[in-house]
Amino acid sequence: MTTAPEPRDPRAALVFDDPLDQQSSDDTDRGWGEADDGDSAAGLKRFLDEKPPHHL
């Protein structure tokens, strides 16, 4: 009696596509600190909270 083979995980397959043909998340404007609410006071507070110490 033979058993059926285990199903393979599709994420484990090797992909030989050129990675430079695909757009990465760094190539988009998403996540670069744009505020959706347009509140300038909140933007200033965020800037002051997140600025590096050498920008005093």
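**Examining the overall build of the protein**
Argument step 1. Check the secondary structure of the protein and you find one helix and zero strands.
Argument step 2. Looking at the 56 residues of the protein, the share that counts as buried comes to 0%.
Argument step 3. Looking at the protein as shown, the accessible area adds up to about 6,000 Å², and 55% of this sits on carbon and sulfur atoms.

**A few points about the pattern of salt bridges**
Argument step 1. The tally for this structure, following the rule as stated, stands at two salt bridges.
Argument step 2. Between D49 and K45 there is a salt bridge whose closest N-O contact spans 2.8 Å. Of this pair, D49 and K45 both sit in helix 1 (residues 40–50), four residues apart, which is roughly one turn of the helix.
Argument step 3. Judged by relative accessible area, D49 falls into the exposed class, the value being 53%.
Argument step 4. Classification of K45 as exposed rests on a relative accessible area of 52%.
Argument step 5. We note a salt bridge from E50 to R46, for which the minimum N-O separation is 3.2 Å. Taken together, the residues span about one helical turn, with E50 and R46 both in helix 1 at a distance of four residues.

**Some details on a nonpolar patch on the surface**
Argument step 1. A surface patch of nonpolar side chains, about 310 Å² in accessible area, is lined by L44, F47 and L48.
Argument step 2. Residue placement: L48 occurs in helix 1.
Argument step 3. Look at L48 and you get partly exposed, because its relative accessible area is 45%.

Conventions adopted
- Residues numbered from 1 in each chain as written.
- Predicted model: local features only at pLDDT ≥ 70, side-chain atom pairs only at ≥ 80, totals over all residues.
- Heavy atoms only, no water.
- Helix = DSSP H or I, 4+ residues; strand = E, 2+ residues; numbered from the N terminus.
- Buried < 20%, exposed > 50% of the residue type's maximum accessible area, 1.4 Å probe, protein only.
- Areas by Shrake-Rupley, 256 points an atom, 1.4 Å probe, with all protein chains shown as cover.
- Salt bridge = Lys/Arg side-chain N within 4 Å of Asp/Glu carboxyl O.
- Patch = residues over 30% accessible without salt bridge, like charges linked within 9 Å, V, L, I, M, F, W, Y side chains within 5 Å.

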